[in-house]
Amino acid sequence: MGRIVYAAAMSHVLYPDYYGDNVGPHGRQMVEALIAVVREMGATLAAAAPDALVVIADDHLNVFSFDAIPAFCVRVGRSVNRMVQDDAIEFDRALDGLPERYAVHEDLANSILEKGMQSGFDFAASWSAPLDHAFLSPVSTLYGNRPIPPLVPVWVNCFVSPQPTAQRCYAVGRHLARVVAEGPWTVAVIATGGLSHFPELSLARIGQSDPVFDRRIVKWMEAADHDALAALTAKELHETGSHELLNWLVLLGAVSPARARVRFFGEMGRIDLAALEWSVA
Amino acid sequence: MERGVSRYETNVVLYRLKKDPAFRERFRSDPRKALADTELSDEERDAFVRWDARKLNELGGSLHLLISIPGLSGH
């Protein structure tokens, strides 16, 4: 029987230059401290030697267009490429040195998709969508030069309204846990994305975060109060700039009832950075 | 920015500006002409022509597009 052997969630812009340029020396130092912690977490993850690594993250209108925005999309197929764009902005410029192609764990990806369709989770499927910083910044920081296991990328629509609800994201995570339990594989799951930033997705409010909200939700994760987290409303997530918490809610559904352990929490001003692990093994 | 369904017309133009270098060049040299075949409202069109990123954001333009258009990023 399969099981989840490692679970963590973390911020996904793990680039000192980005925060150095946009926040200053204290931003740079804070993200460097976070990166050091994520590298330690990567040693634990690599030691767990999962057959597959599920990565739950969001698109920043890099990959999906207004042709169609999937609420949830499972990346299937044999391999997945790093996104390449001629005029990459600062988030994605740091992807340039990374490997161009990564294996997909086809059997697990197909199981999540097929069993989802059979049980009321109408995932979109993609055979060709590439990965941006939301996936590869955490994965490359966790693994460093170690071999990366086959991935199952899952996108959640965090930014193009109307988004899926927190409750629905949590339910998708429960589905993921069932698929893993029914399969033969050991699986690691990570969710990525910042705590509060870009409140209301307002250009005028760039630079603001909501540390009070972030402290509260992290406490809920430590206490495994998943009902409170799944009850967060779209309005609360939007007003506090916690859109990417939807990725974390999928992970919470997958690991419930496990409690989180805070490995890093930092209040930067522009964004709050965090890295949490769940005791699943 | 309100939370309703995303404003398609504004965002599809922003998306083209991000992803299509030839369109971006036409927009830079003559914005009104580049936007001639779009279905923007007058208010949206004026905000594009003046390149008022905050106004475009208030009209429903995606923050992530507005901060990622090469040479035009808005913050």
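Just so it is clear, the model here is predicted, and its values are computed rather than measured.

Draft legend 1. A look at the pairing of strand E3 (residues 72-75) of chain A. Residues and elements named next belong to chain A. Every second residue of E3 is oriented toward a common face, with Phe72 and Val74 on one face and Cys73 and Arg75 on the other, all of them buried. In this sheet, strand E6 (residues 124-126) lies alongside E3 in parallel orientation, the contact comprising three bridges. Within the sheet, the bridge partner assigned to valine 74 lies in E6 and is alanine 125.

Draft legend 2. Seen up close, the sheet that holds strand E9 (residues 260-267) of chain A. Residue and element names in this part refer to chain A. Spatially, E6-E3-E7-E2-E8-E1-E10-E9 is the arrangement adopted by the eight strands of the open sheet, whose pairing is mixed. Each having just a single partner strand, E6 and E9 make up the two edges of the open sheet. Going from strand to strand, the sheet's axes swing by 20° on average, the running direction of each strand aside. Where strand E1 (residues 3-10) and strand E8 (residues 186-192) come together, seven bridges link them in parallel fashion.

Draft legend 3. Layout of the confidence of the model for chain B. For chain B, the mean per-residue pLDDT works out to 89, and 91% of the residues sit at or above 70. Two numbers describe this predicted complex: its pTM, 0.95, and its ipTM, 0.87.

Draft legend 4. Expanded view of the pattern of salt bridges. Residue and element names in this part refer to chain A. Tallied over the full model, the rule gives 13 salt bridges over all chains. Among the salt bridges present, the one from lysine 219 reaches glutamate 222, with a minimum N-O distance of 3.8 Å. You can see lysine 219 and its partner glutamate 222 sitting in helix H7 (residues 211-222), three residues apart, about one turn around the helix. In this structure lysine 219 comes out as exposed when scored by relative accessible area, which is 56%. Where salt bridges share partners, they join Glu40, Arg261, Arg263 and Glu277 into one cluster.

Draft legend 5. Up close: the state of the cysteines. Residues and elements named next belong to chain A. A full pass over the atoms with the stated rule returns zero disulfides over all chains. You can see cysteine 73 has no disulfide; the closest cysteine sulfur is in cysteine 158, sitting 13 Å from it. Judged by its relative accessible area of 1%, cysteine 73 is buried. Free cysteine cysteine 169: the closest other cysteine sulfur is in cysteine 158, separated by 7.0 Å.

Draft legend 6. Broad picture of the nonpolar core. If you look at the biggest cluster of nonpolar residues, it comprises 126 residues, and the most contacted ones within it are Met221 and Trp278 of chain A together with Phe48 and Trp51 of chain B. Top element by residues in this core is helix H10 (residues 245-255) of chain A. It accounts for nine residues. For phenylalanine 48 of chain B, the residues in contact, after removing those within four places along its chain, are Thr10, Val13, Leu14, Leu17, Phe27, Leu35, Leu40 and Leu56 of chain B.

Draft legend 7. The arrangement of the environment of proline 130 of chain A in detail. All names here are of chain A. For proline 130, the location among the structural elements is in the loop between E6 and helix H5 (133-143). Along the sequence, proline 130 and valine 84 sit 46 residues apart, while their C-alpha atoms lie 8.3 Å from each other. In this structure proline 130 touches Val63, Val80, Asn81, Arg82, Met83 and Trp155, once residues within four positions along its chain are discounted.

Draft legend 8. Fine view of the interface of chain B and chain A. Contacts between the two partners involve 25 residues from chain B and, on the opposite side, 26 residues from chain A. For the pair chain B and chain A, the two sides together bury roughly 2,300 Å², of which 63% comes from carbon and sulfur. Applying the counting criterion to the chain B and chain A interface returns zero salt bridges. Linking chain B with chain A are four residue pairs in polar contact (both at pLDDT 80 or more). The set of elements that each furnish at least two residues to the side of chain B that touches chain A consists of helix H1 (8-19), helix H5 (53-58) and helix H6 (63-66) of chain B. Tallying contributions element by element places H1 of chain B first for the side of chain B that touches chain A, with six residues. When grouped by side-chain class, the residues that make up the side of chain B that touches chain A number eleven nonpolar, nine polar and five charged.

Draft legend 9. Quick look at the pairing of E1 of chain A. Residue and element names in this part refer to chain A. Counting buried positions along E1 gives seven out of eight residues, so the element sits mostly inside the fold. Direction of pairing for E1 relative to strand E10 (residues 272-278): antiparallel, over a ladder of four bridges. Its bridge partner being in E10, methionine 10 is matched across the sheet by alanine 275.

Draft legend 10. Focus on empty space enclosed by the protein. All names here are of chain A. With the rule as written, the count across this model stands at four cavities of 30 Å³ or more. Counted as a void, the second largest cavity has a volume near 80 Å³. In terms of lining, the second largest cavity is formed by Asp59, Leu61, Phe64, Ile69, Pro70, Trp155, Val156, Asn157, Cys158, Phe159 and Val160. A per-class count over the lining of the second largest cavity returns nine nonpolar, one polar and one charged.

How each quantity is defined
Residues numbered from 1 in each chain as written. Chains lettered and ligands numbered in written order. Predicted model: local features only at pLDDT ≥ 70, side-chain atom pairs only at ≥ 80, totals over all residues. Heavy atoms only, no water. Buried < 20%, exposed > 50% of the residue type's maximum accessible area, 1.4 Å probe, protein only. Helix = DSSP H or I, 4+ residues; strand = E, 2+ residues; numbered from the N terminus. Pairing = 2+ DSSP bridges. Axes fitted to C-alpha atoms, helices over the stretch in contact; angles between N-to-C directions. pLDDT = per-residue confidence, 0-100. Salt bridge = Lys/Arg side-chain N within 4 Å of Asp/Glu carboxyl O. Disulfide = S-S within 2.5 Å. Core = buried A, V, L, I, M, F, W, Y, C linked by side-chain atoms within 4.5 Å. Contact = heavy atoms within 4.5 Å. Buried area = accessible area lost by both parts, 1.4 Å probe. Polar contact = N/O pair within 3.5 Å; in protein donor to acceptor, adjacent residues only side chain to side chain. Nonpolar A, V, L, I, M, F, W, Y, C, P; charged D, E, K, R; others polar. 1 Å grid on protein atoms, 1.4 Å probe; cavity = no way out; pocket = protein on both sides within 12 Å on 5 of 7 lines; lining within 4 Å. Points joined across faces, edges and corners; volume = space filled by probe spheres on them.

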